[in-house]
Amino acid sequence: MAFQTVDLCDQYRDAIRIVEPIFRSYGKHAAFCGAIQTVKCYEDNVLVKETLSTPGNGRVLVVDGGGSLRCALVGDMVAGLGAQHGWSGIVLYGCVRDIAAIADVEIGIRALNHFPLPSVKRGEGVVGIPVTFGGVTFAPGQYLYADIDGIVVSDKALT
């Protein structure tokens, strides 16, 4: 599915929300899109790993990690699970790690930054609720489009 976020902005200006430009690109895919699934967690990646271990069917996992820069919620192994299970991408309001290895994983990732420390493993958080960061509320079932120009969200599929 070919798209450019600049074209989506031109064509669907009143039907999309544009995420603030706060993310760095990781993973092998610079562009990705799909229906949204969400996880809300803080410095604990158990639910992220569990969700990415389920069939992705081309969806995008949006993770509200509270903007923490003190640990990573996704590393190469967790990103690899997402790729293996058919997730098209991850948007992470938090950090990744293992960025050299992630660069070869067949998935698109946007994250605030990278940090070498892993998260804790308590299993705390919530799956499937609306989350807000970057000036946008993301809800399961909405659609996300990300490329080198930015990230946009719509209530329905645009392409």
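In the block above lies the structure referred to throughout.
Residues numbered from 1 in each chain as written. Predicted model: local features only at pLDDT ≥ 70, side-chain atom pairs only at ≥ 80, totals over all residues. Heavy atoms only, no water.

(A) The arrangement of the pattern of salt bridges in detail. Within the structure shown, the criterion is met by six salt bridges. Residue Arg97 is joined to Asp98 by a salt bridge in which the shortest nitrogen-to-oxygen separation is 3.7 Å. Accessibility expressed as a relative area gives 26% for Arg97, which makes it partly exposed. Taking the relative accessible area as the measure of exposure, Asp98 reaches 32% and is therefore partly exposed. (Salt bridge = Lys/Arg side-chain N within 4 Å of Asp/Glu carboxyl O. Buried < 20%, exposed > 50% of the residue type's maximum accessible area, 1.4 Å probe, protein only.)

(B) Highlighting the environment of Ala83. Within the secondary structure, Ala83 sits in helix H3 (residues 76-84). C-alpha of Ala83 to C-alpha of Glu106: the two residues are 23 residues apart in sequence and 5.7 Å apart in space. Apart from residues lying up to four places away in sequence, Ala83 is in contact with Val105, Glu106 and Ile107. (Helix = DSSP H or I, 4+ residues; strand = E, 2+ residues; numbered from the N terminus. Contact = heavy atoms within 4.5 Å.)

(C) View of the packing of aromatic side chains. This structure, assessed with the given rule, holds four aromatic pairs. A centroid spacing of 5.4 Å and a plane angle of 75° characterise the contact between Phe3 and Tyr145, whose relative ring orientation is edge-to-face. With Phe3 in the segment before helix H1 (5-11) and Tyr145 in strand E11 (residues 143-147), this residue pair connects regions lying 142 residues apart in the sequence. According to the relative accessible area criterion, Phe3 is buried, its value standing at 14%. With 4.7 Å between their ring centres and 5° between their planes, Tyr93 and Phe133 make a pair best called stacked. Within this pair, whereas Tyr93 is found in strand E6 (residues 89-96), its partner Phe133 is found in strand E9 (residues 131-133), the two being separated by 40 residues in sequence. Judged by its relative accessible area of 4%, Phe133 falls in the buried class. Within the aromatic cluster, the residues linked to one another by ring pairs are Phe23, Tyr93, Phe133 and Phe138. (Phe/Tyr/Trp six-rings, centres within 6.5 Å; stacked < 30°, edge-to-face > 60°.)

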